[in-house]
Every structure is written in C-alpha cells, then in structure tokens.
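The residues making up each chain are set out below.
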Amino acid sequence: MTIATVDPTQELAAFLRTRRERLDPDDFGLPRRRSRRTPGLRREEVAELAGISIDYVVRLEQARGLRPSADVVEALAGALRLGADERAYLFDLTRQRPRDADGPATAAAPPLARLVADLSPLPAMLMNHRFDVLAWNEEMARLLVGFDALPPSRRNAMWLCLLHPEIREFYVDRDRVLREGVAHLRTAWAAHPQDPALTGLISEAIAHDEEFARLWEERDVKLNGRGSKAMRHPEIGAIDVHFEVLAPLQDSGQRLMICRGADEPSRAALERLRTR
C-alpha cells in the first residue's frame, strides 16, 4: 500500500463514516432496533443531530465533491462528538482553517537553533511539521542517535521512532508509542495535504510495518504536546523521560521538543550519559 497526498473529499468521507460507526446509540438515547446491521449511528440520526439533511450527509460520505461551510463542519463535529484533535482534523479536511503562506521549514530558524544549544544539559531538538529534525544539542544526540551520522532524509523523529532498527526497540511501551506516532502523522498529513515528503514517509512506514498500516486505517488523530516515555537505553539502561513540545509565535512551522528525566534515577542516568 502506498499513501498518496491527501484527497480531501475521499478522506472526509472515510473519516465521517469511521466516526459515525464508532458511536454507541445508547449514548444518545436511541433505540437499538433489530434492523441495525452496522455499528454506530445511522446517517439519518447524524443528520438530525447536526441539523442538516440526510441527503447532505449521504453525499459527504459518498465523496461527491461537497465543500461544507464552517457552520456545517461545526455541527458535524458536535453531532459526532469529536474530540479537539478530531475536530481540528475535520476542519483541515474541509479547508476551513487558514493555511500557512510559506512552505514547510527545511532549516532551523537561527534564534531557535541557538535556543536548542542553550537548553543543555536538557536534551532538546527542533522539528518542522513533518518531524524532520532541524537542530539538536549533544544531549539529544546521546539520548537518541548521532544525527550527524544520518543522511538528511533520515533525520526525522517519526522515522527514527517507528522504523529505525535500533531506536524502535528503545521504547518499553512500543504499542502506545506507535499508536501515538500514527495519530501525529495523520494530523500532519491533513494539515499539509500537498507535502510529498510527508506522504512518502507515511508510505514507507505503511510498507515496512504491518501494525503501522493497521493503525493508519483506524484514522486516529491526536497531537501530544507533553507526555512521558519509558526507554531501555543501550548505555544507561531503563529511564523514564518527560517531554514538552513548544510552538514559537514566530517561525510557527517549527516545534521545540525538550526532554528531562521523570524521576531522580532517570535524571542521574541522563547526567551519566552526558558526561561520558
């Protein structure tokens, strides 16, 4: 399977269907009729909840080229009980969110690159929307990989996490990391539909990882701005790392990730790694 750049009409249709089918009629006080042969709500039930015609919902789910207004998108998001990330994804697919005028960042903004260096001894790196690593400090290189030794096309946080033969085994809870990585990439894919490098990355992951391909079809969307990961580092053993992702007001297409030890043993382990 090869992923293509986003066809918003087809993806909107598939996304609406999957979200409708995940809903439980009991949560809406709807009767469980014997004639319910498919999971979730019926199209007419979604139409009624959203205050739009059943014909409109049918045409959306059949990818018949409609461009719903922002009001209709908002109504559908409410009817389908979408979370914040899913709602943003729906707005991206319907082209109701403003687009950046500039293309994707391919080089670190100099002030942000200096900030990455100044954050030492905390591991830090700078990424663009497709998770290309644009700048890093020595602590991040020691924690993950020597970025200088990688070809530029492989300096990508998602590729390293999902496909690098060694780093992909770092993570104790690999299933969760994989699921979150897929959801991150799908969110970026919808927001940047004409980025061939991003779609190429996704196609490669689908081709090389069956679990990634399965999760991709579930159409989960989410962005984690903070969290934690348990790792088995080959040099310092088990560590728990907290991470925070920050978005600058200027150079808004770039993201700064900062890591720190989640507890005293992990902080001591990172210090040992830094001073080796």
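What counts, and at which threshold
Residues numbered from 1 in each chain as written. Predicted model: local features only at pLDDT ≥ 70, side-chain atom pairs only at ≥ 80, totals over all residues. Heavy atoms only, no water. Helix = DSSP H or I, 4+ residues; strand = E, 2+ residues; numbered from the N terminus. Buried < 20%, exposed > 50% of the residue type's maximum accessible area, 1.4 Å probe, protein only. Contact = heavy atoms within 4.5 Å. Lys, Arg positive; Asp, Glu negative; His and termini not counted. Charge placed at Lys NZ, Arg CZ, Asp CG, Glu CD.

Colleague: Can you break down the overall build of the protein chain residue by residue, with the values?
Modeller: Regarding its fold elements, the protein chain presents 12 helices and five strands. Projected onto the principal axes, the alpha-carbon positions of the protein chain cover approximately 65 × 40 × 35 Å. Burial statistics for the protein chain: of 276 residues in total, 47% are counted as buried. Long-range pairs, those at least 24 residues apart, make up 57% of the contacts in the protein chain between residues at least 6 apart in sequence. With 41 positive and 43 negative side-chain charges, the protein chain shows a separation of 4 Å between the mean positions of the two kinds.

Colleague: A description of unusual backbone geometry should follow, citing residues and the corresponding values.
Modeller: Cis peptide bonds are those with omega within 30 degrees of zero, and the linkage from Ser120 to Pro121 qualifies with 15°. Structurally, the position occupied by Pro121 is in the loop between helix H6 (110–118) and strand S1 (124–127). Although it is not a glycine, Arg81 adopts a positive phi angle of roughly 55°. Inspection of the secondary structure assignment puts Arg81 in the loop between helix H4 (70–79) and helix H5 (84–93). Even without a glycine there, the phi angle at Asp251 is positive, about 50°. Of note, Asp251 is situated in the loop between strand S4 (237–246) and strand S5 (255–261).

Colleague: Give a description of the environment of Ala109 that names residues and reports values.
Modeller: Summarising the element assignment, Ala109 is placed in the loop between H5 and H6. The exposure class of Ala109 is buried, given its relative accessible area of 8%. Residues Ala109 and Gln250 lie 141 residues apart in sequence; the distance between their C-alpha atoms is 9.4 Å.

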